[in-house]
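Next come the chains, spelled out residue by residue.
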Amino acid sequence: MTVESTAAHAPRRSAGSNAGATGTKRTTSTTAKKAATAKKATTKKAATAKKATTKKAGGVVKSAEPGLVQLLTPEGERVKNAEFDQYVEGITAEDLRGLYRDMVLTRRFDAEATALQRQGELGLWASLLGQEAAQIGSGRALRDDDYVFPTYREHGVAWCRGVDPINLLGMFRGVNNGGWDPNGNNFHLYTIVIGSQTLHATGYAMGVAKDGADSAVVAYFGDGASSQGDVAEAFTFSAVYNAPVVFFCQNNQWAISEPTERQSRVPLYQRAQGFGFPGVRVDGNDVLASLAVTRWALERARGGEGPTLIEAFTYRMGAHTTSDDPTRYRHDDERAAWEAKDPILRLRRYLESANHADEGFFAELETESETLGKRVREVVRAMPDPDHFAIFENVYADGHALVDEERAQFAAYQASFADADGGK
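Residues numbered from 1 in each chain as written. Predicted model: local features only at pLDDT ≥ 70, side-chain atom pairs only at ≥ 80, totals over all residues. Heavy atoms only, no water.

With that settled, consider the overall build of the protein chain. For the protein chain, the helix and strand inventory stands at 14 helices and nine strands. Within the protein chain, the proportion of its 424 residues that are buried is 44%. Summarising the internal contacts of the protein chain: among those between residues at least 6 apart in sequence, 73% fall at separations of at least 24. Accessible area of the protein chain: about 21700 Å², with a carbon and sulfur share of 52%. (Helix = DSSP H or I, 4+ residues; strand = E, 2+ residues; numbered from the N terminus. Buried < 20%, exposed > 50% of the residue type's maximum accessible area, 1.4 Å probe, protein only. Contact = heavy atoms within 4.5 Å. Areas by Shrake-Rupley, 256 points an atom, 1.4 Å probe, with all protein chains shown as cover.)

So, about the pairing of strand β8 (residues 279-283). β8 sits mainly inside the fold: five of its five residues count as buried. The alternating pattern of β8 places Gly279, Arg281 and Asp283 on one face and Val280 and Val282 on the opposite face, and all of these are buried. Alignment of β8 against strand β9 (residues 308-313), held across five bridges, turns out to be parallel. Its bridge partner lying in β9, Gly279 is registered against Leu309. (Pairing = 2+ DSSP bridges.)

On to the packing of helix α3 (residues 93-118) against helix α12 (residues 343-353). Where α3 meets α12, the closest approach of the two axes is 10 Å, and the angle between their N-to-C directions is 150°. One finds that α3 runs roughly antiparallel with respect to α12. Judged by the twist between their axes, the crossing of α3 over α12 is left-handed. Along the contact surface, α3 presents Leu96, Arg97, Leu99, Tyr100, Met103, Val104 and Arg107, while α12 presents Pro343, Ile344, Leu347, Arg348, Tyr350 and Leu351. When grouped by side-chain class, the residues that make up the contact of α3 with α12 number ten nonpolar, no polar and three charged. (Axes fitted to C-alpha atoms, helices over the stretch in contact; angles between N-to-C directions. Parallel < 35°, antiparallel > 145°, perpendicular 65-115°, else oblique. Left-handed = near helix turned anticlockwise from the far one by under 90°. Nonpolar A, V, L, I, M, F, W, Y, C, P; charged D, E, K, R; others polar.)

Its 24 residues give helix α13 (residues 359-382) an end-to-end C-alpha distance of 35 Å, which sits within 8% of 34 Å, the value for a rise of 1.5 Å per residue. Taken together, the buried positions of α13 are Phe361, Phe362, Leu365, Ser369, Leu372, Gly373, Val376 and Val380. The secondary structure elements touched by the buried residues of α13 are α3, α5 (155-160), α6 (165-173) and α12. Sitting at the amino-terminal end of α13 is Asp358, which places a side-chain oxygen 3.2 Å from the backbone nitrogen of Gly360. (Expected span 1.5 Å × (residues − 1). Polar contact = N/O pair within 3.5 Å; in protein donor to acceptor, adjacent residues only side chain to side chain.)

Here the focus is the environment of Glu366. Within the fold, Glu366 resides in helix α13. In this structure Glu366 comes out as partly exposed when scored by relative accessible area, which is 44%. Residues Glu366 and Val104 lie 262 residues apart in sequence; the distance between their C-alpha atoms is 8.6 Å.

This part is about the sheet that holds strand β3 (residues 147-149). Taken together, the five strands give an open sheet; going across it, the order is β3-β4-β5-β9-β8, and neighbouring strands pair in parallel fashion. The outermost strands of the open sheet, each flanked by one partner alone, are β3 and β8. Within this sheet the neighbouring strands show an average axis-to-axis angle of 20°, counted without direction. Set on the sheet, helix α10 (residues 287-302) makes contact with β4 (217-222), β5 (245-251), β8 and β9; between it and β8 the angle comes to about 160°.

All right, on to the packing of aromatic side chains then. Counting across every chain of the model gives 29 aromatic pairs. On the numbers, 5.0 Å between centres and 85° between planes, the contact of Tyr413 with Phe417 is edge-to-face. Of this pair, Tyr413 and Phe417 both sit in helix α14 (residues 401-420), separated by four residues, roughly a single helical turn. On the accessibility criterion, Phe417 (43% relative accessible area) is partly exposed. What links up through ring pairs into an aromatic cluster is the set Phe109, Trp125, Phe172, Trp180, Phe187 and Tyr190. Stacked on the ring of Phe362, the Lys or Arg Arg348 has its end atom at 3.8 Å from the ring centre. (Phe/Tyr/Trp six-rings, centres within 6.5 Å; stacked < 30°, edge-to-face > 60°. Lys NZ or Arg CZ within 6 Å of the ring centre and 35° of its normal.)

Located in the positive-phi region is Gln253, a residue other than glycine, with phi close to 80°. Within the secondary structure, Gln253 sits in the loop between β5 and β6 (254-255). Looking at Gln253, the relative accessible area reads 14%, which means it is buried. At Ile256, a position not held by glycine, the phi torsion is positive, near 55°. Accessibility expressed as a relative area gives 42% for Ile256, which makes it partly exposed.

To continue, consider a nonpolar patch on the surface. Side chains of Phe237, Val240 and Tyr241 sit close together on the surface and give an oily, nonpolar patch of about 330 Å² of accessible area. One can find Val240 in helix α9 (residues 229-240). Residue classification places Val240 among the exposed residues on the basis of a relative accessible area of 63%. (Patch = residues over 30% accessible without salt bridge, like charges linked within 9 Å, V, L, I, M, F, W, Y side chains within 5 Å. Salt bridge = Lys/Arg side-chain N within 4 Å of Asp/Glu carboxyl O.)

The next subject is the packing of α6 against α13. One can describe the packing of α6 onto α13 by two numbers: an axis separation of 10 Å at closest approach and a directional angle of 40°. Classed by the angle they form, the pair α6 and α13 counts as oblique. The chirality of how α6 crosses α13 is right-handed. Touching Ile166, Leu169 and Arg173 of α6 are Arg375, Val376, Val379 and Val380, all from α13.

This part takes up the pairing of β4. Burial analysis of β4 places five of its six residues in the buried class, which makes it a mostly covered element. Strand direction decides the pairing type here: β3 and β4, joined by three bridges, are parallel. If you follow Phe149 over to β4, its bridge partner there is Ala219. Relative to β5, β4 runs parallel, the two being bridged by six bridges. Residue pairing in the sheet places Val217 in a bridge with Val245 of β5.

Encoded structure:
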């Protein structure tokens, strides 16, 4: 704009005069030089201002550079944070041991589920390996009257909400459609459709606000889902209606085989700024930081301050699901680097250094872990095989010719295996 304005008001000379032509050339050159200098100075000033400016929203001070809230280092050292220490200042040694127990048992259950799928007992499994701190920390920040809308990997949050792990496995085995009453634990059924649960959460939160209830809603989704239109729509509605919802994005670096840098030009938490509400990036492998930041966001929601976006910066140690092979698109050294930031090992180091847990505690927990693993194996193996024809039921209330045709085709397909086995 400055360059155009200066050029527009430059003195005009007669084209028939040599002096005029020379004067025009000199004037234009001088004007362009001044404009370029002014533009350079303006750009430099803007860059300096951008670097110096911080934006404070809901108590979080963020510079132009991506921030990371961290209370426990990978080495298990406690670090101070002026903004978020207050949200964990009352935590006791018993509380810390409880968080550690939650993560250990969740990981053991997850490992058993993966093994059972490999043995043919489950149709599919989506492992949370490496994301325990993000889920347990945020899950333990919730009140009983808060409501959760998960995706299909929130096994740790389900654990915190009191959902029996066996119910999760029944769904992945195909013997139920969820296996729990969402209203019994304020934990909605798993959502397989990517990103749609953020809209469900927003609508529910709008209803909570209209009812005048003192509670909040949390929507969990991954970095890949953040590219979905449903998520953008949820951001828009939640901001416009000031809905008491927390968007908890677990950025585990990979949307199946697509890395985060191919999905977004900016850190994911910064997307919230464009919708008019605060975003914060937390170390998703730090259970204390995840707990503190989620408590802060929930407090904002309950206080009528509207939505918040939390980006839990973590890593998916295993495959996207058991049908995926991560060795085809990522290197072992990447996983090794993240293994050094293991959320469970991090908290154990802190417990030991602070004398909050002894060997007896860890030994007892190991025994409990073995008991859980045995129970999971026994119960799943005792489950009935899924009804192969159940998929055709309840599609239409009064039946449908096309569904009947597909059922008959599938029946013939199943019968072909019996014929191949001599009628067995």
